[in-house]
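Here are the chains, one letter per residue:
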Amino acid sequence: MYQRKLFIAISVICLLAFLCAYPWIVPSYPFLSLRNDEIEYISVSYFGDPPEYTLSSEQQMQFVDMLQSVATYKKPRKEVYVGASINFKIVKKNGEITYYEDGDIVVYIDGIGYRAKHDYDVHEFFNRIKKDNLAN
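Report follows, based on the coordinates.

### Remarks on the packing of aromatic side chains
Item 1. One pass over the structure, following the stated rule, counts four aromatic pairs.
Item 2. Between the aromatic rings of F88 and Y100, the centroid separation amounts to 6.1 Å while the plane-to-plane angle is 40°, which identifies the pairing as tilted. Of the two residues, F88 is situated in strand β4 (residues 86-92) and Y100 in strand β5 (residues 97-103); the sequence distance between them amounts to 12 residues. Neither residue differs from the other here; F88 and Y100 are each classed as buried.
Item 3. The rings of F31, F63, F88 and Y100 are connected pair by pair, giving a single aromatic cluster.

### So, the pairing of β4
Item 1. Buried residues dominate β4, accounting for six of its seven residues.
Item 2. The sheet contact formed by strand β1 (residues 39-46) and β4 spans seven bridges and is antiparallel. Note on β4: the bridge partner recorded for Y46 is I86.

### A few points about the environment of S11
Item 1. Tracing the sequence through the fold places S11 in helix α1 (residues 2-25).
Item 2. Within the structure, S11 has its side chain in polar contact with the backbone oxygen of F7 (distance 2.8 Å).

### Looking at the nonpolar core
Item 1. Grouped together as the largest cluster of nonpolar side chains are 23 residues, with contacts concentrated most on I42, V44, F63, L67, F88 and Y100.
Item 2. Mapped by element, the contributors of at least two residues to this core are β1, α2 (57-67), β4, β6 (106-109) and α3 (122-135).

### With respect to the pattern of salt bridges
Item 1. Counted under the stated rule, the structure contains four salt bridges.
Item 2. Between R35 and D37 there is a salt bridge; the shortest N-O distance is 3.2 Å.
Item 3. When its relative accessible area of 46% is taken as the criterion, R35 is described as partly exposed.
Item 4. For D37, a relative accessible area of 49% corresponds to the partly exposed category.
Item 5. Between E38 and K92 there is a salt bridge; the shortest N-O distance is 3.7 Å. Taken together, the positions of E38 in the loop between α1 and β1 and K92 in strand β4 put the pair 54 residues apart, joining distant regions of the chain.
Item 6. Via salt bridges that share partners, R35, D37, E38, K92 and E96 belong to a single interconnected network.

### Topic: the side chain of Q60
Item 1. Mapped onto the elements, Q60 comes out in helix α2.
Item 2. A residue is classified by how much of its surface remains accessible, and Q60, at 8% relative accessible area, is buried.
Item 3. When near neighbours in sequence (up to four residues on either side) are disregarded, Q60 contacts N36, I39, E40, Y41, I42 and L55.

### Some points on the environment of F126
Item 1. Position of F126 relative to the elements: it lies in helix α3.
Item 2. Of the residues examined, F126 reaches a relative accessible area of 3% and is grouped as buried.
Item 3. Note: C-alpha distance between F126 and N87 (39 residues apart in sequence) is 9.9 Å.
Item 4. With sequence-adjacent residues up to four places away left out, F126 is seen in contact with V44, S45, Y46, Y53 and I86.

Definitions and cut-offs
- Residues numbered from 1 in each chain as written.
- Predicted model: local features only at pLDDT ≥ 70, side-chain atom pairs only at ≥ 80, totals over all residues.
- Heavy atoms only, no water.
- Phe/Tyr/Trp six-rings, centres within 6.5 Å; stacked < 30°, edge-to-face > 60°.
- Helix = DSSP H or I, 4+ residues; strand = E, 2+ residues; numbered from the N terminus.
- Buried < 20%, exposed > 50% of the residue type's maximum accessible area, 1.4 Å probe, protein only.
- Pairing = 2+ DSSP bridges.
- Polar contact = N/O pair within 3.5 Å; in protein donor to acceptor, adjacent residues only side chain to side chain.
- Core = buried A, V, L, I, M, F, W, Y, C linked by side-chain atoms within 4.5 Å.
- Salt bridge = Lys/Arg side-chain N within 4 Å of Asp/Glu carboxyl O.
- Contact = heavy atoms within 4.5 Å.

This is the structure:
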C-alpha cells in the first residue's frame, strides 16, 4: 500500500514538473503560417536607425522562408537587450503590422521578448541586403 501511494505521489510531482517546464521546453513557431502573398512589404534597419531598406520581392521570399524556421520559447524576464539587432517591419496587405527584432539569442515580436532558435544568420542576410542596395 505504501509503494502505491509513493508511486502516485511521484507521478503527480513529475506531471506538475512537466507542466511547469512545458513553455521552456516546447517551442512555438509564430511565423509558420506566414505567406509571402499576404505581405505588402518588409522594411529593415540596423538598430532601428535609418536608413531603412525595403526588401525586394526576392529578398522578401527569402526572409519569409527564414522566419518560418524561428522557434520561440517562454518570454524572458523583463530585460533590455544590449547588442547588435536588426529590426524588421512586416506590413501585411490587410493593414496588420508586425515588428520583429532579431538579436540572435533573443527575438522581439511586437515588443515582447522571447528566447529563440533559428536556422539562419540574420546579420549575414542584412549585409547582403545592404550590399544589394549599394550596388543599385
